[in-house]
Amino acid sequence: MITSFIFIFLTGVAQGEGWDAFPGAQEALDLQCGHNPVGPLRPGVRQTYCAAIVDDGTKDASSRSPWSYTPICVDPVDNSDEASKLCTYTVSSLRGGPGMSIITKPDIAAGLTSMLQHPEISWLEKQRGVPFIPDTRVSYDIKELPNKGYGVISTAFIPKDSIVMLELPYMLKISDPSPWNHKGAIALMQQAAKRLTSKDQSRLLQMARQDKGYVLDDIFRTNSFRVTVEGVGHAALYPEIARINHDCKPNTIIRYSTQTLALEIVAYRDIEPGEEITLSYFALNLRYHQRIQAIKSWGFNCSCSFCADEATRQKSDRRRDDIARILQAITRKENITRDIVSKAVGKLEDLVNEEGLSAQMGDLLYMVADACMAAKDFQLAREIGEEALKVQRRYAGFDNDRTQDVVKLLETVDELEHGEETAFASAS
């Protein structure tokens, strides 16, 4: 299930005090990479250097680290100087666990190098307040279910907000393979799988598929999650998490960490013993007809209780339409007043709670804050943006792209407000 969290309703390293404590730090900054990971305000010099770009033409084996093998690459169809190769990179073991193969461009692989060798996990855990491990209170079984294939069943009470599962990917591949020859991209998938351990290969081949086309392509189509790697869309395979079945009103949500590649399944509400653990294969806010269309790509019809009752469906769609109308109205400049915005946000919160869309409230608030910024009400934009940030950190993740969008908005608000204050002072 390719899960792309797109809401469809309508960075340099920070320099703080004490940089002289890092000899050569300023020189290193001049050489820093284009990617800018979330990390401590006082990074070591290693974090500011660009990793070597490695491909099948790299002769120096020592520069290949952390990759366990020499990359295998294919050239783009348009073999111009600007076009990039597509390569497969493999690490035999990722943080003491199974290995990982990724099919991507060499510059993206280079961006991953620092994260793979020196992940700032302890810093991230401190910032988000939750360790990157499943909750010890969680217990579940993966078993075959009638007319569903495999599924995940809770064997104990799981409190809301518990981390039910946490998994690193076995394989990832860039989402848009169009610049490269299709047969070449398929061959890279085969090589990427071969470089995994025999145990990991076996788990990979046991994943569900629709028996359509090349087996690995079929497995990706049926099971992969949409994630970003260095800001670029990729499809990722998390074999155990992929066993969770779909429900349009799920009891868990997905939280993705861009800095660790970890995918978390988080309890969206309390889950009782014996209850099936479910998640939504697509954005929670979709209307009924949109869900029906979206689910066709997985080759089954939704039979969840939310979709089964026509009256429930219609009432839900009306509420979702109301959310869209409020958003459309509140993003108009003439409606940006504290009173109108406050009332609109209150209505949105009521509708979101009724629909069970709390995980998306951060996206709604982000859109409202953006409208306030465009209308130059910077104080209101900051207030709503800060509330959006709290929600995104809880539901999307501390370092998720959606969360960082809010951070960037707040930074822009500060810059614009400071610019206006400077202009006013100059005029005075």
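Residues numbered from 1 in each chain as written. Predicted model: local features only at pLDDT ≥ 70, side-chain atom pairs only at ≥ 80, totals over all residues. Heavy atoms only, no water.

As recorded by an unreviewed UniProt entry, the chain carries the name SET domain-containing protein and is attributed to Cercophora newfieldiana.

(A) Up close: the overall build of the chain. On a plain count of helices and strands, the chain comes out with 13 helices and 13 strands. Approximately 20,800 Å² of the chain is accessible, and the part contributed by carbon and sulfur atoms is 50%. (Helix = DSSP H or I, 4+ residues; strand = E, 2+ residues; numbered from the N terminus. Areas by Shrake-Rupley, 256 points an atom, 1.4 Å probe, with all protein chains shown as cover.)

(B) Layout of the packing of aromatic side chains. Across all of its chains, the model carries four aromatic pairs by this definition. Their ring planes at 80° and their centres at 5.9 Å tell us that Phe225 and Tyr238 sit as a pair that is edge-to-face. Taken as a pair, Phe225 in strand 8 (residues 225-229) and Tyr238 in the loop between strand 9 (232-237) and strand 10 (245-246) lie far apart in primary sequence, 13 residues in all. Neither Phe225 nor Tyr238 differs from the other in exposure class; each is buried. The lysine or arginine in question, Arg243, covers the ring of Tyr150, its NZ or CZ lying 4.4 Å from the ring centre. Across the ring face of Tyr288, the terminal group of Arg313 is positioned such that the distance to the ring centre comes to 4.0 Å. (Phe/Tyr/Trp six-rings, centres within 6.5 Å; stacked < 30°, edge-to-face > 60°. Buried < 20%, exposed > 50% of the residue type's maximum accessible area, 1.4 Å probe, protein only. Lys NZ or Arg CZ within 6 Å of the ring centre and 35° of its normal.)

(C) Fine view of the sheet that holds strand 10. Taken in spatial order, the four strands of this open sheet run 4-5-13-10, and their pairing is mixed. The sheet is open, and its two edges are formed by strand 4 (140-145) and strand 10, each paired on a single side. Relative to strand 5 (residues 149-154), strand 4 runs antiparallel, the two being bridged by six bridges. For Ile142, the partnering residue across the bridge sits in strand 5 and is Val152. (Pairing = 2+ DSSP bridges.)

(D) Structural view of the state of the cysteines. The final tally for this structure, using the stated rule, is one disulfide. Between the sulfur atoms of Cys73 and its disulfide mate Cys87 the distance is 2.0 Å. On the S-S bond that ties Cys73 to Cys87, the torsion sits near 105°, and the link is right-handed. Separated by 14 residues along the polypeptide, Cys73 in strand 1 (residues 72-74) and Cys87 in strand 2 (residues 86-91) bring together distant segments of the chain. Summarising the burial analysis for this pair, Cys73 and Cys87 share the class buried. (Disulfide = S-S within 2.5 Å.)

(E) Representation of the sheet that holds strand 1. The sheet built from six strands is open, its strands ordered 1-2-3-7-9-8 with mixed pairing. Single-partner strands in this sheet number two, and they are strand 1 and strand 8. The sheet shows a mean angle of 25° between the axes of neighbouring strands, taken without regard to direction. Across five bridges, the pairing between strand 8 and strand 9 is antiparallel. Within strand 9, the position partnered with Val227 by the bridge is His234. Here helix 4 (residues 182-194) sits on the sheet and contacts strand 1, strand 2, strand 3 (100-104) and strand 7 (171-174); the angle it forms with strand 2, its principal contact strand, is near 10°. (Axes fitted to C-alpha atoms, helices over the stretch in contact; angles between N-to-C directions. Contact = heavy atoms within 4.5 Å.)

(F) Representation of the side chain of Thr260. For Thr260, the location among the structural elements is in the loop between strand 11 (252-256) and strand 12 (263-267). Only 3.1 Å separates the side chain of Thr260 from the backbone nitrogen of Ala262, close enough to count as a polar contact. When sequence neighbours within four positions are dropped, the list of residues in contact with Thr260 reads Arg95, Met115, Ile121, Leu124, Phe132, Leu168 and Asp399. (Polar contact = N/O pair within 3.5 Å; in protein donor to acceptor, adjacent residues only side chain to side chain.)

(G) Main features of the environment of Trp180. Position of Trp180 relative to the elements: it lies in the loop between strand 7 and helix 4. Among the residues examined, Trp180 registers a relative accessible area of 6% and is labelled buried. Taking the C-alpha atoms as reference points, Trp180 and Ser84, separated by 96 residues in sequence, lie 9.2 Å from one another. Residue contacts for Trp180: discarding those within four places in its chain leaves Val74, Asp75, Pro76, Val77, Ser84, Lys85, Leu86, Lys105 and Ile174.

(H) Structural view of the pattern of salt bridges. For the coordinates displayed, the defined rule picks out 22 salt bridges. A salt bridge links Asp363 to Arg402; its shortest N-O distance comes to 2.7 Å. Separated by 39 residues along the polypeptide, Asp363 in helix 11 (residues 361-374) and Arg402 in helix 13 (residues 401-427) bring together distant segments of the chain. Each member of the pair, Asp363 as well as Arg402, is classed as buried. (Salt bridge = Lys/Arg side-chain N within 4 Å of Asp/Glu carboxyl O.)

(I) Geometry of helix 9 (residues 310-330). In a regular helix each residue adds 1.5 Å, so 21 residues correspond to 30 Å; helix 9 covers 30 Å between its end C-alpha atoms and thus fits that length. Turning to helix 9, its buried residues number three or more, namely Arg313, Ser316, Asp317, Arg319, Arg320, Ile323, Ala324, Ile326, Leu327 and Ile330. For helix 9, the elements touching its buried residues are helix 7 (288-295), helix 8 (305-308), helix 10 (338-355) and helix 11. (Expected span 1.5 Å × (residues − 1).)

(J) Summary view of the nonpolar core. Ranked by internal contacts, the top residues of the largest apolar core, which has 66 residues, are Met171 and Val229. Among the elements that take part in this core, helix 4 stands out by supplying six residues, more than any other. The residues contacting Val229, other than those within four sequence positions of it, are Ile102, Ile108, Leu112, Leu172, His234, Tyr256 and Leu261. In terms of nonpolar packing, the next biggest core, distinct from the first, is built from 37 residues, Val341, Val345, Ala359 and Leu409 among them. (Core = buried A, V, L, I, M, F, W, Y, C linked by side-chain atoms within 4.5 Å.)

(K) Structural detail: the pairing of strand 2. The buried count for strand 2 comes to six of six residues, which makes it a mostly enclosed element. Of the two faces of strand 2, the one lined by Leu86, Thr88 and Thr90 and the one lined by Cys87, Tyr89 and Val91 are each fully buried. Alignment of strand 1 against strand 2, held across three bridges, turns out to be antiparallel. Across the sheet, the residue bridging to Ile72 is Thr88, located in strand 2.

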